[in-house]
Structure formats: structure tokens, C-alpha cells
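# Structural description and commentary
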Amino acid sequence: MIVHRLPNHLHLVVVPDATVPTPTATLAFRAGSRYETPGTAGFGLWWAESVLHGSAASPSRRVLFETLEAAQANLSIYADDALVALTLTGAGSLTASAQ
């Protein structure tokens, strides 16, 4: 495992595994009731829902999933009381455009 600390204090963790032929990328951050305050309650769930359903600043759900399908990729989202994670698996090319 290789850990890089970025200038903005985020950590990039690289875990090479030659036994798995499918590339996988996961974006995870500490969020959930364990870390929430009254002012930030619900942020993790809101973020996960925004990714799945789109927002004013991101593509619609249809565009997102058409792009993933064209790239032969899968997207999953996990959330609990301490973590929100988005995992992209099997991406052929995310520059592929959905028709």
C-alpha cells in the first residue's frame, strides 16, 4: 500500500493488486452521524443522493449511467455512520460518450 498526503491534506492510497484484472477507484471520506454536528447533519446522505440523481452542477442520473455503460464501468455508493464511499469498477474509458 502506498499513501500520499496531498497539499490539501487529503490522502491518496494506492493498493496495487496484480491478482485483480479490473481497475477500481474508490473515493471515500469521513462523513456520517459519527462526525456530524447539528449544522452538517445529513451531508453524507445528501452527497450520495446527489451523485446518484444528479444536481444543478452535475449530470443527470441518465447521463451518468449511460456514460458508465458506454465505458463498461460500474458505480456503487456506500454510506454508514462514519464513511461515505463511491467506487468505480471496471472502467474501460471514461472518455467514451454515451449515444
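This section reports on the structure supplied with the text. Because the structure is a prediction, the values reported are computed rather than measured.

## Quick look at the environment of Leu 68
Within the element layout of this structure, Leu 68 appears in helix H2 (residues 61–70). For Leu 68, a relative accessible area of 7% puts it in the buried group. For the pair Leu 68 and Thr 89, spaced 21 residues apart in the sequence, the C-alpha separation amounts to 9.8 Å.

## Details of the pattern of salt bridges
According to the stated counting rule, one finds 1 salt bridge in the structure shown. We note a salt bridge from Arg 34 to Asp 81, for which the minimum N-O separation is 3.8 Å. Of the two residues, Arg 34 is situated in the loop between strand E3 (24–30) and helix H1 (43–53) and Asp 81 in the loop between strand E4 (74–79) and strand E5 (83–89); the sequence distance between them amounts to 47 residues. On the basis of relative accessible area, Arg 34 is assigned to the exposed category, the value being 55%.

## So, H1
Restricting attention to buried positions, one finds in H1 the residues Gly 44, Trp 47, Ala 48 and Ser 50. What you see down the axis of H1 is that its buried residues fit within an arc of 160°, all on one side. Facing away from the buried side of H1 by over 90 degrees, the exposed positions are Leu 45 and Trp 46. Of the surrounding secondary structure, the elements contacted by the buried residues of H1 are E3, E4 and E5.

Reading the values: rules and limits
- Residues numbered from 1 in each chain as written.
- Predicted model: local features only at pLDDT ≥ 70, side-chain atom pairs only at ≥ 80, totals over all residues.
- Heavy atoms only, no water.
- Helix = DSSP H or I, 4+ residues; strand = E, 2+ residues; numbered from the N terminus.
- Buried < 20%, exposed > 50% of the residue type's maximum accessible area, 1.4 Å probe, protein only.
- Salt bridge = Lys/Arg side-chain N within 4 Å of Asp/Glu carboxyl O.
- Arc of directions from axis to C-beta.
- Contact = heavy atoms within 4.5 Å.

Function cannot be read off these values alone, since they describe shape.
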